[in-house]
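Chain and residue survey
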Amino acid sequence: MSETRRPAEIFVSNSLDGPWSKLGSVSIASNAYSSNYTASNVYIMLRPDGRYGLIERDGVIGIADNVLGPYTIQGTNIYAKIPGCPTGNMEDPVMWYSGGLYHIIVNKWDTRKAYHITSQDGISNWKLEPGYAYDPTANFIRYSNGTVNHWNKIERPNVYMENGHVVAMTLAVIDVAKDKDVGNDSHGSKVIVIPFDGAALDSGGVPPVSDPRSAFTQIEAESYNNQSGVQTESCSEGGESVGYIENGDYAVYRNIDFGSGSASFQARVASATSGGNIEIRLDNLTGTLIGTCPVAGTGNWQTWASARCNVSGVSGKHDLYLKFTGGSGYLFNLNWFKFGTGSNSGSLSDLNSDG
């Protein structure tokens with residue numbers, strides 16, 4: 001048990017329901033690096049070599065032969081030694097061993113995103129893995145019926161392992177910013193358990209390809225497979241929409257089937273500013289530009305209209321990238337979009353209906 005206190009204390013029990021008893025306090029061996037240990041957000045794992053590994057929020061790692069120590073601190077902040085890895089405002093690291101590698105997931109509290117790093121010895125030469133370990137704006141928390149759940153903040157990651165692989169992750173979540181959770185309201189925090197295919201991770205497997213989606217049916221904007229910069233929010237037309245869109249943000253929709261070809265694009269949009277543009281690209285962020293859809297202001301963030309443009313040069317199955325461009329500040333909200341086989345005029349029309 002350690003939040004911001006020294007020296008960090010360990011409690012043990014034969015059951016999660018208790019009773020729990022104090023085993024003792026963690027001790028640190030004195031060496032050139034021991035002053036780097038802060039005893040905040042301490043996580044301890046049993047290594048495959050029979051020793052214990054310790055990591056705390058500042059990325060300092062210790063090794064000991066006993067769970068209580070003394071732990072020998074192995075060096076300075078590991079995050080600062082990893083190309084591309086953030087170094088500030090990191091917390092809640094969890095560390096485990098599987099698939100021949102040591103893994104750490106660490107949360108960056110100010111951006112609300114987490115990072116995954118790996119090492120062969122669990123001490124040095126850590127490597128930043130691609131993408132985020134988790135991102136509360138991404139569509140990765142789903143119920144078995146397909147419902148997507150978004151939380152404002154996700155933290156305190158932990159793993160549950162069976163047969164040497166992670167089979168579930170636990171996360172602490174809250175539906176509003178912490179300072180907005182006041183007494184006697186409908187908000188609150190909880191611990192959730194998410195099944196995880198650790199065997200696929202350890203075998204170098206990749207997530208299965210998304211089932212094809214027809215370009216000619218209405219595609220909800222919030223059903224993206226990946227994104228950068230945007231967030232989802234409640235929509236006055238029902239369900240959710242994508243908002244907080246700024247210049248350079250984008251959303252990705254995997255395996256969109258354009259069949260023998262498409263000639264038009266339609267998007268349901270709303271903007272309290274002067275709007276912007278939707279660049280429609282194939283397969284990557286700088287891929288083939290098949291059209292650009294102008295979005296004008298509608299007078300309000302929940303006053304919806306249809307923006308239209310023509311597209312060309314597309315058929316078959318592609319990953320679809322919608323890149324949002326415009327001036328400074330928030331540009332517009334996006335509820336849904338779809339493609340058509342006939343051409344249309346690039347105009348904004350049909351306020352607050354479904355045409």
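This write-up is about the structure you can find in this document. All values derive from a computational prediction rather than experimental measurement.

Regarding its fold elements, the protein presents 1 helix and 26 strands. Based on the C-alpha atoms only, the size of the protein along its principal axes is roughly 75 × 45 × 40 Å. By residue count, 45% of the 355 residues in the protein fall in the buried class. Put simply, 58% of the contacts in the protein that link residues at least 6 apart link residues at least 24 apart. Just so you have it, the protein exposes about 17000 Å², and 49% of that area is on carbon and sulfur atoms.

Counted by the stated rule, this structure contains 11 salt bridges. Of the charged contacts, one joins Arg57 and Glu91 as a salt bridge, the two residues approaching to 3.3 Å between their closest N and O atoms. Taken together, the residues span a long stretch of sequence, with Arg57 in the loop between strand S4 (52–55) and strand S5 (61–64) and Glu91 in strand S7 (residues 90–98) at a distance of 34 residues. The buried category is assigned to Arg57, whose relative accessible area is 18%. Between Asp92 and Arg156 there is a salt bridge whose closest N-O contact spans 2.7 Å. You can see Asp92 sitting in strand S7 and its partner Arg156 sitting in strand S11 (residues 153–162), a full 64 residues away along the chain.

Strand order across the open sheet formed by 3 strands is S11-S12-S13, with antiparallel pairing between neighbours. Among the strands making up the open sheet, the edge pair consists of S11 and strand S13 (189–195). Sheet twist, expressed as the average angle between the axes of neighbouring strands with direction ignored, equals 25°. Sheet topology note: the S11/strand S12 (residues 165–174) ladder contains 8 bridges and is antiparallel. Looking across to S12, one finds that Lys153 is bridged to Ile174.

The rules we used
- Residues numbered from 1 in each chain as written.
- Predicted model: local features only at pLDDT ≥ 70, side-chain atom pairs only at ≥ 80, totals over all residues.
- Heavy atoms only, no water.
- Helix = DSSP H or I, 4+ residues; strand = E, 2+ residues; numbered from the N terminus.
- Buried < 20%, exposed > 50% of the residue type's maximum accessible area, 1.4 Å probe, protein only.
- Contact = heavy atoms within 4.5 Å.
- Areas by Shrake-Rupley, 256 points an atom, 1.4 Å probe, with all protein chains shown as cover.
- Salt bridge = Lys/Arg side-chain N within 4 Å of Asp/Glu carboxyl O.
- Pairing = 2+ DSSP bridges.
- Axes fitted to C-alpha atoms, helices over the stretch in contact; angles between N-to-C directions.

Just distances and angles here, no functional claims.
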